[in-house]
Amino acid sequence: MSAVWFWAQLEARLVLAMVLALSAAAKVRSPRAYGEFREAAVALGGPLASRVIAFGPSSPLLTAVPAAEAALAVLLLAPATAATALMGALALLLVFSLVLARAVRRGTQVACHCFGSSRAPVRGAQLLRNGLLVVVACLGLAGTYADGAVRHPAPALLVALVAAAALSWVVVLWDDLTELLAGPA
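**Brief notes about unusual backbone geometry**
Thought 1: Look at His 113: it is not a glycine, yet its phi comes out positive at around 55 degrees.
Thought 2: For His 113, the location among the structural elements is in the loop between helix 4 (82-106) and helix 5 (124-144).

**Focus on the pattern of salt bridges**
Thought 1: Enumeration according to the criterion identifies 2 salt bridges in this entry.
Thought 2: In this structure, Glu 36 engages Arg 32 in a salt bridge whose closest nitrogen and oxygen atoms are separated by 3.3 Å. With Glu 36 and Arg 32 both in helix 2 (residues 31-52) and 4 residues apart, the pair spans about one turn of that helix.
Thought 3: Using a relative accessible area of 16% as the deciding quantity, one classes Glu 36 as buried.

**Observations regarding the packing of helix 3 (residues 60-77) against helix 4**
Thought 1: As a packed pair, helix 3 and helix 4 sit with axes 8 Å apart at the nearest point and diverge in direction by 145 degrees. When the axes of helix 3 and helix 4 are compared, the crossing they make is left-handed. Each of Val 65, Glu 69, Leu 72, Leu 75 and Leu 76 in helix 3 lies in contact with helix 4, whose residues at this interface are Ala 82, Ala 85, Leu 86, Gly 88, Ala 89, Leu 92 and Phe 96.
Thought 2: Classifying every residue of the contact of helix 3 with helix 4 by side-chain character gives 10 nonpolar, 1 polar and 1 charged.

Criteria and thresholds
Residues numbered from 1 in each chain as written. Predicted model: local features only at pLDDT ≥ 70, side-chain atom pairs only at ≥ 80, totals over all residues. Heavy atoms only, no water. Helix = DSSP H or I, 4+ residues; strand = E, 2+ residues; numbered from the N terminus. Salt bridge = Lys/Arg side-chain N within 4 Å of Asp/Glu carboxyl O. Buried < 20%, exposed > 50% of the residue type's maximum accessible area, 1.4 Å probe, protein only. Axes fitted to C-alpha atoms, helices over the stretch in contact; angles between N-to-C directions. Left-handed = near helix turned anticlockwise from the far one by under 90°. Contact = heavy atoms within 4.5 Å. Nonpolar A, V, L, I, M, F, W, Y, C, P; charged D, E, K, R; others polar.

Worth remembering: the numbers are spatial, not functional.
Set out below in structure tokens:
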């Protein structure tokens, strides 16, 4: 594995692990936050989701979302489960993106509560964020399947961890940043 692919897959795993862990924590940090997430998910799923799968505020599927995010975050950190976790993260991101795209197309004016108590309704900015995370997952998968071994000195790992933390916070604060950059309405 070349050094570039090694660092690409390591950075992808770290960023996705942090983003998924923060997302899960934001959803379950309080009963109110969890309730807001569940209500937003039902509204974003729309009438089709309600008809196809018994998708309401008490749906077990909604309980599985933060659990899956937390599990994937842990699995992304272990090299032995990295490839499977990257595929799982990619699949989860694609499902989230599909739900958001359908909500944007329907003109749904609901905040997604993806990372907590956002008040901004879903729009193209969240799709862009998810698209970037999909690219990160794909780069991680590509790096995971590259052959060979690379030495990774501790200082370089520390730099990768700091860079992943910075990128993760940009993702988590995406809604706030896009509102700030958009200026007054």
